[in-house]
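Residue-level structural notes
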Amino acid sequence: MALLNFRKKETAHDTVNPLVEALLQDFSIEVMPRTAEKVDDFRALLPAGTRVYIAHIEGTPIEEMVATAARLNAGGYKVMPHFPARIIKDRATLADWIARYQGEADVKQALLLAGGVNAPMGDFSDSMQLMETGLFDKAGFERLHVAGHPEGNRDIDTNGGRVRVDEALQWKNAFQTRTDAKMAIATQFAFEAKPIIAWADSLKDAGITLPVHIGIAGPAKLQTLIKFAIACGVGPSLKVLQKRAMDVTKLLLPYEPTDVITELAAHKATHPDFGVSHVHFFPLGGIKTNATWAHNNGGNAAVPANAS
């Protein structure tokens, strides 16, 4: 299989927006073991050094997670598996997972989150409890990312506000300060730039300095995106998709994240202290489709290893 040339941009467009290109440097992408299995060779899709998150959905055996991590690590990728607190039985299970990831896949990074189940299946209910075990520090993990919700999270703040999620980010920001951990916020996806900008600015005003890796849904059929957006609890920006669905000229066209990324990139260019530092893709329309779009728009993950 021929590999893409990531040094010379092969794009279907006449020009690449330089602001978008800058924002897409060192983008990350998310996979699951079952979707990763469908990719014959990740090197044909993603530059070496790309950070690849591995989503851990309830019911996925840890063996499948570790095998996927090992395959990606062997391909030269920075592997960041999910550790969902509510599906981890106890401290011993957490220690076992960490040992497996390190021993079999040389994993040094993790995304810590509560997880999508309503009730804890064991001793942990949130990511802060995972961090407090000290197991990641003891194992020498180099980077810990935590979840962010630009439009809130009704599973946490049932009234639709942001009090509890913001308090949790304050705690995590303080954890970074007192431990010198390398951390960032990886967010749920949204479809509109203005709420993202307002949220990121509110974090800055609150003294939260963790860089934001903003979640963006990759190109996909409109029906697919609406289904995932509703299932994942996407907030007011869902109206962007609903408005598009009412336009018969766009109904059958695949959605691309061009507008939201272009607006975020333009804002970042004029506001150097803007908290969004990276783009994290959810490839809801397929990994190949998403990787091709990112590449055609200037995306390249081959940047210094110490990037935020």
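From a predicted model like this one, the values you see are computed outputs, not experimental measurements.

1. Thoughts on the pairing of strand E6 (residues 183-189)
Two faces make up the sheet, and in a regular strand the side chains alternate between them. Counted residue by residue, E6 has six buried out of seven residues, so it is predominantly covered. Alignment of strand E5 (residues 143-148) against E6, held across five bridges, turns out to be parallel. Paired with Leu144 across the bridge in E6 is Met183.

2. Considerations on the packing of aromatic side chains
Enumeration according to the criterion identifies 11 aromatic pairs in this entry. Between the aromatic rings of Phe136 and Phe141, the centroid separation amounts to 5.3 Å while the plane-to-plane angle is 80 degrees, which identifies the pairing as edge-to-face. Of the two residues examined, Phe136 and Phe141, each falls in the buried class. With a centroid separation of 5.6 Å and 15 degrees between ring planes, the pair formed by Trp171 and Phe175 is classed as stacked. Of this pair, Trp171 and Phe175 both sit in helix H7 (residues 163-179), separated by four residues, roughly a single helical turn. Three or more aromatic residues joined by ring pairs make a cluster, and in this case those are Phe83, Trp97, Tyr101, Phe136 and Phe141.

3. Let's talk about the environment of Val66
As for its position among the elements, Val66 is in helix H3 (residues 62-74). C-alpha separation for the pair Val66 and Val107, spaced 41 residues apart in sequence, amounts to 9.2 Å.

4. Some points on the nonpolar core
General note: in soluble globular proteins, nonpolar side chains tend to be found buried as a group. One finds Phe83, Phe136, Ile261, Leu264 and Phe281 to be the most contacted residues of the largest nonpolar core, which totals 77 residues. In contact with Ile261, other than residues within four places in its own chain, are Val20, Leu23, Leu24, Ile216, Val279, Phe281 and Trp293. Of all hydrophobic cores here, the second largest spans five residues; its members include Tyr53, Met80, Leu113 and Ala186.

5. Topic: the side chain of His82
Among the secondary structure elements, His82 is positioned in strand E3 (residues 78-84). A polar contact is formed between the side chain of His82 and the side chain of Glu30, at a distance of 3.3 Å. Look past the residues within four positions of His82 in its chain and what remains in contact with it is Glu30, Tyr53, Ile54, Ala55, His56, Leu111 and Leu113.

6. Focus on the pattern of salt bridges
Considering all chains together, one arrives at seven salt bridges under this definition. Salt-bridge contacts for Arg100 lead to Glu63; the nearest nitrogen and oxygen are separated by 3.0 Å. On the criterion of sequence distance, the pair formed by Arg100 in helix H4 (residues 91-105) and Glu63 in helix H3 is long-range, its members being 37 residues apart. Residue Glu63 is classed as partly exposed on the basis of its relative accessible area of 47%.

7. Quick notes on the side chain of Gln109
The topology assignment puts Gln109 in strand E4 (residues 109-113). A polar contact is formed between the side chain of Gln109 and the side chain of Arg51, at a distance of 2.8 Å. Residue contacts for Gln109: discarding those within four places in its chain leaves Arg51, Lys78, Val79, Met80, Pro81, Phe141 and Arg143.

8. Some points on helix H11 (residues 258-270)
With 13 residues, H11 should reach 18 Å at 1.5 Å per residue; the first-to-last C-alpha distance of 19 Å fits that figure. When we look at burial in H11, the residues that qualify are Val260, Ile261, Leu264, Ala265 and His267. On an axial view of H11, the arc spanned by its buried residues comes to 165 degrees, and they lie on one face. With respect to the buried face of H11, the exposed residues turned more than 90 degrees away are Asp259 and Thr270. Each element contacted by the buried residues of H11 is listed here: helix H1 (18-23), helix H8 (193-205), strand E7 (212-217), strand E8 (276-282) and helix H12 (287-296).

9. Examining the packing of H8 against H11
Where H8 contacts H11, the two axes come as close as 9 Å, and the packing angle between them is 40 degrees. What the angle tells us is that H8 and H11 run oblique. Relative to H11, the crossing made by H8 is right-handed. Taken together, the residues of H11 that come into contact with H8 (itself represented by Ala193, Lys194, Ile196, Ile197 and Asp201) are Val260, Glu263, Leu264 and His267. Its residues assigned to classes, the contact of H8 with H11 comprises five nonpolar, one polar and three charged.

10. Concerning unusual backbone geometry
Although it is not a glycine, Asp26 adopts a positive phi angle of roughly 60 degrees. Inspection of the secondary structure puts Asp26 in the loop between H1 and strand E1 (28-31). One non-glycine residue, Asp106, lies in positive phi territory at about 55 degrees.

Rules behind the numbers
Residues numbered from 1 in each chain as written. Predicted model: local features only at pLDDT ≥ 70, side-chain atom pairs only at ≥ 80, totals over all residues. Heavy atoms only, no water. Buried < 20%, exposed > 50% of the residue type's maximum accessible area, 1.4 Å probe, protein only. Helix = DSSP H or I, 4+ residues; strand = E, 2+ residues; numbered from the N terminus. Pairing = 2+ DSSP bridges. Phe/Tyr/Trp six-rings, centres within 6.5 Å; stacked < 30°, edge-to-face > 60°. Core = buried A, V, L, I, M, F, W, Y, C linked by side-chain atoms within 4.5 Å. Contact = heavy atoms within 4.5 Å. Polar contact = N/O pair within 3.5 Å; in protein donor to acceptor, adjacent residues only side chain to side chain. Salt bridge = Lys/Arg side-chain N within 4 Å of Asp/Glu carboxyl O. Expected span 1.5 Å × (residues − 1). Arc of directions from axis to C-beta. Axes fitted to C-alpha atoms, helices over the stretch in contact; angles between N-to-C directions. Parallel < 35°, antiparallel > 145°, perpendicular 65-115°, else oblique. Left-handed = near helix turned anticlockwise from the far one by under 90°. Nonpolar A, V, L, I, M, F, W, Y, C, P; charged D, E, K, R; others polar.

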